[in-house]
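Next come the chains, spelled out residue by residue.
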Amino acid sequence: MSVSLSSLILLPIWISMAQIQQGGPDEKEKTTALKDLLSRIDLDELMKKDEPPLDFPDTLEGFEYAFNEKGQLRHIKTGEPFVFNYREDLHRWNQKRYEALGEIITKYVYELLEKDCNLKKISIPEGYGVIVLNPNENYIEVEKPKIPVQSSSDSSDEPAEKRERKDKVSKETKKRRDFYEKYRNPQREKEMMQLYIRENGSPEEHAVYVWDHFIAQSAAEKVFFVAHSYGGLAFVELMIQREADVKSKVTAVALTDSVHNVWHQEAGKTVREWMRENCCNWVSSSEPLDTSVESMLPDCPRVSAGTDRHELTSWKSFPSIFKFFTEASEAKNSSPKQALTRRSHRIKHEEL
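Let us look at the structure shown here.

Cut-off values and rules
Residues numbered from 1 in each chain as written. Predicted model: local features only at pLDDT ≥ 70, side-chain atom pairs only at ≥ 80, totals over all residues. Heavy atoms only, no water. Helix = DSSP H or I, 4+ residues; strand = E, 2+ residues; numbered from the N terminus. Contact = heavy atoms within 4.5 Å. Areas by Shrake-Rupley, 256 points an atom, 1.4 Å probe, with all protein chains shown as cover. Pairing = 2+ DSSP bridges. Axes fitted to C-alpha atoms, helices over the stretch in contact; angles between N-to-C directions. Phe/Tyr/Trp six-rings, centres within 6.5 Å; stacked < 30°, edge-to-face > 60°. Buried < 20%, exposed > 50% of the residue type's maximum accessible area, 1.4 Å probe, protein only. Salt bridge = Lys/Arg side-chain N within 4 Å of Asp/Glu carboxyl O. Patch = residues over 30% accessible without salt bridge, like charges linked within 9 Å, V, L, I, M, F, W, Y side chains within 5 Å. Expected span 1.5 Å × (residues − 1). Parallel < 35°, antiparallel > 145°, perpendicular 65-115°, else oblique. Left-handed = near helix turned anticlockwise from the far one by under 90°. Core = buried A, V, L, I, M, F, W, Y, C linked by side-chain atoms within 4.5 Å.

**A look at the overall build of the chain**
1) Next: Of regular secondary structure, the chain possesses twelve helices and eight strands.
2) Next: Taking the intrachain contacts of the chain between residues at least 6 apart in sequence as the baseline, contacts between residues at least 24 apart amount to 65%.
3) Next: Taken as a whole, the chain presents about 24800 Å² of accessible surface, with 53% of it coming from carbon and sulfur.

**Observations concerning the sheet that holds strand S6 (residues 250-256)**
1) Next: Reading across from one edge, S5-S6-S7-S8 is the order of the four strands in this open sheet, with parallel pairing throughout. The open sheet has two free edges, formed respectively by strand S5 (223-228) and strand S8 (302-304), since each of these has just one partner strand. Averaged over all neighbouring strand pairs, the angle between strand axes comes to 20°, with direction disregarded.
2) Next: Pairing between S5 and S6: six bridges, direction parallel. In the strand pairing of S6, Val226 is matched with Ala254.
3) Next: Packing against the sheet, helix H8 (residues 230-241) makes contact with S5, S6 and strand S7 (279-283), and its axis sits at approximately 135° to S5.
4) Next: Against the sheet, helix H10 (residues 269-278) engages S6 and S7, with an angle of about 70° to S7.

**Focus on the packing of aromatic side chains**
Given two aromatic rings, their pairing is described by the distance between the two centres and the angle made by the two planes.
1) Next: Using the criterion set out here, one finds 14 aromatic pairs in the structure.
2) Next: Seen in terms of ring centroids, Phe224 and Phe325 are 4.8 Å apart; in terms of plane orientation they differ by 40°. Their pairing is tilted. Of this pair, Phe224 sits in strand S5 while Phe325 sits in helix H11 (residues 313-334), and the two are 101 residues apart along the sequence.
3) Next: Overall, Phe325 belongs to the buried group, its relative accessible area being 9%.
4) Next: Centroid distance Phe318 to Phe322: 6.0 Å. Interplanar angle 55°. Geometry classified as tilted.

**Observations regarding the pattern of salt bridges**
1) Next: Taken as a whole and assessed by the stated rule, the structure comprises five salt bridges.
2) Next: Residue Glu99 is joined to Lys96 by a salt bridge in which the shortest nitrogen-to-oxygen separation is 3.7 Å. Here the residue Glu99 and the residue Lys96 both occupy positions in helix H5 (residues 91-115), the gap between them amounting to three residues, near one helical turn.
3) Next: Note that Lys247 and Glu243 form a salt bridge whose closest N and O atoms lie 2.7 Å from each other. In this pair, Lys247 and Glu243 are both assigned in helix H9 (residues 243-249), four residues apart and thus about one turn of the helix distant.

**Digging into a nonpolar patch on the surface**
1) Next: On the surface, Val226, Trp315, Phe318 and Phe322 cluster together into a nonpolar patch covering about 430 Å² of accessible area.
2) Next: The element that contributes the greatest number of residues to the nonpolar patch is H11, accounting for three residues.
3) Next: Mapped onto the elements of the fold, Val226 is located in strand S5.

**Considerations on the environment of Glu327**
1) Next: Inspection of the secondary structure puts Glu327 in helix H11.
2) Next: Residue classification places Glu327 among the partly exposed positions, given a relative accessible area of 45%.
3) Next: Between the alpha carbons of Glu327 and Ala252 there is a distance of 9.6 Å; along the sequence they are 75 residues apart.

**Some thoughts on H8**
1) Next: Counted at 1.5 Å a residue, the expected span for H8 with its twelve residues is 16 Å, and the 17 Å between its end C-alpha atoms agrees.
2) Next: What H8 keeps buried is the set Gly232, Leu233, Ala234, Phe235, Val236, Leu238 and Met239.
3) Next: For H8, the elements touching its buried residues are helix H7 (203-215), S5, H9, S6, H10 and S7.

**As for the packing of H7 against H8**
1) Next: Between H7 and H8, the shortest axis-to-axis distance is 9 Å and the interhelical angle comes to 55°. With respect to H8, the element H7 is oriented oblique. Crossing angle aside, the handedness with which H7 passes H8 is right-handed. In contact with Pro203, Glu204, Ala207, Val208 and Trp211 of H7, H8 contributes Tyr230, Leu233, Ala234, Glu237, Leu238 and Gln241.

**Examining the pairing of S6**
1) Next: Where burial is concerned, most of S6 is hidden: seven out of the seven residues are buried.
2) Next: Taken together, the four bridges between S6 and S7 define a ladder with parallel strand orientation. Across the sheet, residue Val253 finds its bridge partner in S7, namely Cys279.

**A closer look at the nonpolar core**
1) Next: The biggest cluster of nonpolar side chains holds 23 residues, and the ones touching the most others in it are Phe225, Phe235, Val246, Val250, Val253, Trp274 and Met275.
2) Next: Mapped onto this core, the elements with two or more residues apiece are H7, S5, H8, S6 and H10.
3) Next: Counting residues in hydrophobic clusters, the runner-up holds nine residues, among them Cys280, Val303, Ala305 and Phe325.

Note that all results are geometric; they support no functional claim without further evidence.
Okay, here's the thing in structure tokens:
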């Protein structure tokens, strides 16, 4: 009959504790023996079944995934899309697996941008017609340096026997602490620390930094933004902080399923008015492309992106977005003063 390791461990513990409660001359020895037994338990081995090691492949092939001809991530053997809950009841492990795969996909996308789109990743993208912001990269993770623990028993005045006894107690204390730490977190990762990138510690900071150092200094007379999801929130924050500069240089803004909120972000009246005239938000909706969608917020118009999938809103709405940009550019070329007057009349009408 096969018996699990946990059964072999629990049984002597129960017997020893029962004997201790009954009393006896050898209680101290039994207690010491029990503590010694507990200290020898390798919890990493016990918990391995419940939580596998956090070691993941560093390639798509290692994860057994690949992108098909449609650009969809699919399992090589089953053809199924990515499954987050790869192992039931192991959310932390599944999350780490998801993050590891995400890092590989990020590198893959960079390669596609360079190979297929003829883009070049450089530190200072001056002189390019297209600037791709990277607001998600705000820090790097490095292993936290270990602080050496200084022993308090290094006094030369103490007898050698006393120092040895203190060292022994200290080692046993550390062993017990490590034992309970292993029990609490059997697959404890390395202690990591986050080093935030200077002036780019958040997507909002990144947007302002790129504006100040690249876009505002460029020779471009017409600037267009495409901002997806949280990128819309970052753009609104840019508007709030650099309102006059943005108004003078930006011709139109296309948002795709943006999560911005002019109330929560405390956008002023002039910012909201400018967004109503120069922005459009293509949102996830089952309605046909460009169908008007009602909004509860007094900011830019909302239209359907032609899909109810958040991640596809940019791709699905690209034809309409570039048409929107072309019309805005032509309007600015033909009669900028007339467009400004028409805008001011609309504002006054809305105020009435």
